[in-house]
Amino acid sequence: MTERHPPHDCADMATLRQQIDQLDRELIARLAERASYIDRAIELKTENGWPARIPARVEEVVMNARTTAEATGLDPDLIETIWRQLVDWSIAREARVIREE
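Figured I'd write up the structure that's included with this text. All values derive from a computational prediction rather than experimental measurement.

## Here's the deal with the pattern of salt bridges
When their charged atoms lie close together, side chains carrying opposite charge are able to pair. Inspection of the entire model under this criterion finds 11 salt bridges. Where Arg40 meets Glu43, a salt bridge forms, and the shortest distance between an N and an O atom there is 2.8 Å. Placement of both Arg40 and Glu43 in helix H1 (residues 13-48) is noted, with a separation of 3 residues, approximately one turn of the helix. The exposure class assigned to Glu43 is partly exposed, which follows from its relative accessible area of 42%. The salt bridge partner of Glu94 is Lys45, with a shortest N-O separation of 2.6 Å. Of this pair, Glu94 sits in helix H3 (residues 76-98) while Lys45 sits in helix H1; the two residues are 49 residues apart in sequence, bridging distant segments of the chain. The same class applies to Glu94 and to Lys45, which are both buried. Overlapping salt bridges bring together Glu59, Arg66, Asp77, Glu80 and Arg84 as one network.

## As for the packing of H1 against H3
Helices that pack against each other are described as a pair by the angle of their axes relative to one another and the distance between those axes. Orientation of H1 relative to H3, taken along the N-to-C sense of each, is 40°, at an axis distance of 10 Å. By the angle between their axes, H1 is oblique relative to H3. Considering only the axes of H1 and H3, their crossing is right-handed. In this structure, H1 contributes Leu31, Arg34, Ala35, Ile38, Asp39, Ala41, Ile42, Lys45 and Thr46 to the contact, and H3 contributes Trp83, Leu86, Val87, Trp89, Ser90, Arg93, Glu94, Val97 and Ile98. A breakdown of the residues in the contact of H1 with H3 according to their chemical character gives 11 nonpolar, 2 polar and 5 charged.

## Focus on the nonpolar core
Counting 8 residues, the largest nonpolar core is built from Ile42, Ala52, Val58, Val61, Val87, Ile91, Ala95 and Ile98. Contributing elements (two or more residues each) for this core: helix H2 (55-72) and H3. The greatest single-element share of this core, amounting to 4 residues, is contributed by H3. In this view, Ile91 contacts Ala52, Arg53 and Val58; residues no more than four positions away in its chain are not counted.

## Focus: the packing of H2 against H3
Viewed as axis vectors pointing N to C, H2 and H3 meet at an angle of 150°, and their least axial separation amounts to 9 Å. For the element pair H2 and H3, the recorded crossing hand is right-handed. In this structure, H2 contributes Val58, Glu59, Val61, Val62, Met63, Ala65, Arg66, Ala69 and Glu70 to the contact, and H3 contributes Pro76, Asp77, Ile79, Glu80, Trp83, Arg84, Val87 and Ile91. Split into classes, the residues belonging to the contact of H2 with H3 amount to 11 nonpolar, no polar and 6 charged.

Quick notes on the rules
Residues numbered from 1 in each chain as written. Predicted model: local features only at pLDDT ≥ 70, side-chain atom pairs only at ≥ 80, totals over all residues. Heavy atoms only, no water. Salt bridge = Lys/Arg side-chain N within 4 Å of Asp/Glu carboxyl O. Helix = DSSP H or I, 4+ residues; strand = E, 2+ residues; numbered from the N terminus. Buried < 20%, exposed > 50% of the residue type's maximum accessible area, 1.4 Å probe, protein only. Axes fitted to C-alpha atoms, helices over the stretch in contact; angles between N-to-C directions. Parallel < 35°, antiparallel > 145°, perpendicular 65-115°, else oblique. Left-handed = near helix turned anticlockwise from the far one by under 90°. Contact = heavy atoms within 4.5 Å. Nonpolar A, V, L, I, M, F, W, Y, C, P; charged D, E, K, R; others polar. Core = buried A, V, L, I, M, F, W, Y, C linked by side-chain atoms within 4.5 Å.

Written out as structure tokens, the structure reads:
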């Protein structure tokens with residue numbers, strides 16, 4: 001992992017791009033880690049006879065993401081859009097294994 005530099009310390013576009021690329025790799029690694037938790041959710045939902053989509057939980061996850069975005073100064077509408085896509089992907093993945101679709 002490369003050393004992180006604050007944006008204002010990036011003297012040129014090459015350095016700035018390296019930092020963005022590193023962050024992208026870290027985000028992807030965290031999304032892969034999140035997917036491993038979805039794999040465990042599939043197991044637990046299957047064992048308990050629960051459906052892939054639990055609407056109240058979907059809304060809770062999205063609202064948590066919005067709240068976190070607002071607290072960090074990030075556009076909550078953007079984060080809601082991204083998170084709904086992420087949650088929909090996760091549920092579709094769960095449903096395929098649980099055999100709902």
